[in-house]
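# Commentary on secondary and tertiary structure
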Amino acid sequence: IKAAVRDQINKTEALQDVQDIRVKYLGKKGELTAVMKELGKLSKEERPAVGQLVNTARAKIEAALADRMEELKQHEMEQKIQSEKIDITLPGRKPVLGHMHPLHLTRRCMENAFLKMGFSIAEGPEIEDDYYNFQCLNFPDDHPARDMQDSMYITDKILLRTHTSPMQARTLQAHNPNEPVKVIVPGKVYRWDYDATHSPVFHQMEGLIVDKGIRFSDLKGMLEDFLREIFGPKTKVRFRASFFPFTEPSAEVDISCVMCGGKGCRVCSHTGWLEILGCGMVHPNVLRLNGYDPDKVSGFAFGMGVERIAMLKYGIDDLRLFYEDDMRFLNQF
Ligand code: PHE
């Protein structure tokens, strides 16, 4: 039996095999146990010798099983350590990091330029009423922008703001008329329009300064600085007379062909000029309608499309690319 056990122990590979051997020989119905049970049949003289023999065999088998058990446990542990080993010399895996959307980048870039000039940032509601969107901005009752065809109405008096200019009125009304105002207002605006250069939702940035003695030359100098900061120091800036109900005089501003450094984007029109924003001196009626005295203070306002600036800055010819979430496009920024 000892020899058979030794032989079988050598063949064991798992802890369970060792257990099985123990049951087979030492268990209640085991082979060695059976020999023990037979002892009674022996003569008195033979019994102690055989009994001792069986007991030592049992002890040896127990010991051999325990040793093997220990060996196998050790082996299992080694294998576990091997398989779970971490190679600390491997290069780390880079997590995929997101980044800012080109429109957001553009907005940040514009905001930073204005923050440097001492503007603060304000935001206003996208759902406006006729009063703020038109009335207190000196729009006449029959102005085409007030038409259901051009603007998105929720009720007959409530609409999605068509520009950020209602914040001119809201800001003036919220301020003490004796204190200067200097804010920019970034945000979403809504119009019935959809093609490669128009989206029904787009972003504008409004600017407003009101103080004693503000002149058109202040507006010109400030916008020239801003546009050169965004499009490069060689950018030429041109003011063309225009019309807005809430500014007088009003102007549209063009910049010379855009040439971006590095990636080599180049946007040009046949005239060599690109329209970039609307602006003007705050209309005396607007000052009056919002609690200011046009004989004491003056101001200027401007408004521009963030998409348009982003398109020119990055040389993008279709504004719909901004909203399609195509990673091939977005990953370039
Ligand atoms: N609100 C005008 C627009 O959406 C832009 C503008 C703002 C013009 C401020 C003059 C002054 O076209």
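So, here's what we can say about the structure. Nothing here was measured: the structure is a model prediction, and the numbers come from that model.

This next bit is on the side chain of Glu252. Locating Glu252 in the fold gives a position in strand β7 (residues 247-256). Here the side chain of Glu252 touches Ser242 through a polar contact of 3.5 Å, side chain to side chain.

This part covers the site of the ligand. Around the ligand sit 14 residues in total, of which His163, Ser165, Arg191, Gln204 and Gly303 are the nearest. Within the side chain of His163, an N or O atom sits 3.1 Å from a nitrogen atom of the ligand. Between Arg191 and the ligand, the recorded distance is 2.8 Å, taken from a side-chain N or O atom to an oxygen atom. Its free accessible area being 320 Å², the ligand has 89% of it covered by the protein chains. Counting residues per element, the ones that place at least two in the shell around the ligand are β5 (201-211), β10 (273-282) and β11 (298-305). The element best represented in the shell around the ligand is β11, accounting for three residues.

Following Glu248, the chain continues to Pro249 via a peptide bond in cis, the omega torsion being -5°. Structurally, Pro249 can be placed in strand β7. The backbone of Asp325 sits at a positive phi, close to 55°, despite the residue not being glycine. In this structure, Asp325 sits in the loop between α10 (306-314) and α11 (327-330). You can call Asp325 exposed: its relative accessible area is 55%.

Another point: the environment of Pro177. Tracing the chain through its elements places Pro177 in the loop between α7 (166-174) and β4 (181-190). Overall, Pro177 belongs to the partly exposed group, its relative accessible area being 35%. Through-space distance from the C-alpha of Pro177 to that of Pro140 is 25 Å; in sequence the pair is 37 residues apart. When near neighbours in sequence (up to four residues on either side) are disregarded, Pro177 contacts Gly291, Tyr292 and Val297.

Ordered in space as β1-β4-β5-β11-β10-β7-β6, the seven strands form an open sheet in which the pairing is mixed. Each having just a single partner strand, β1 (120-121) and β6 (237-244) make up the two edges of the open sheet. Bridging between β6 and β7 involves seven bridges; their strand directions are antiparallel. Within the sheet, the bridge partner assigned to Arg238 lies in β7 and is Asp254. With respect to the sheet, helix α5 (residues 102-116) is in contact with β1, β4, β5 and β11, its orientation differing from that of β5 by roughly 5°.

Thresholds, definitions, all that
Residues numbered from 1 in each chain as written. Predicted model: local features only at pLDDT ≥ 70, side-chain atom pairs only at ≥ 80, totals over all residues. Heavy atoms only, no water. Helix = DSSP H or I, 4+ residues; strand = E, 2+ residues; numbered from the N terminus. Polar contact = N/O pair within 3.5 Å; in protein donor to acceptor, adjacent residues only side chain to side chain. Near = heavy atom within 4 Å. Areas by Shrake-Rupley, 256 points an atom, 1.4 Å probe, with all protein chains shown as cover. Buried < 20%, exposed > 50% of the residue type's maximum accessible area, 1.4 Å probe, protein only. Contact = heavy atoms within 4.5 Å. Pairing = 2+ DSSP bridges. Axes fitted to C-alpha atoms, helices over the stretch in contact; angles between N-to-C directions.

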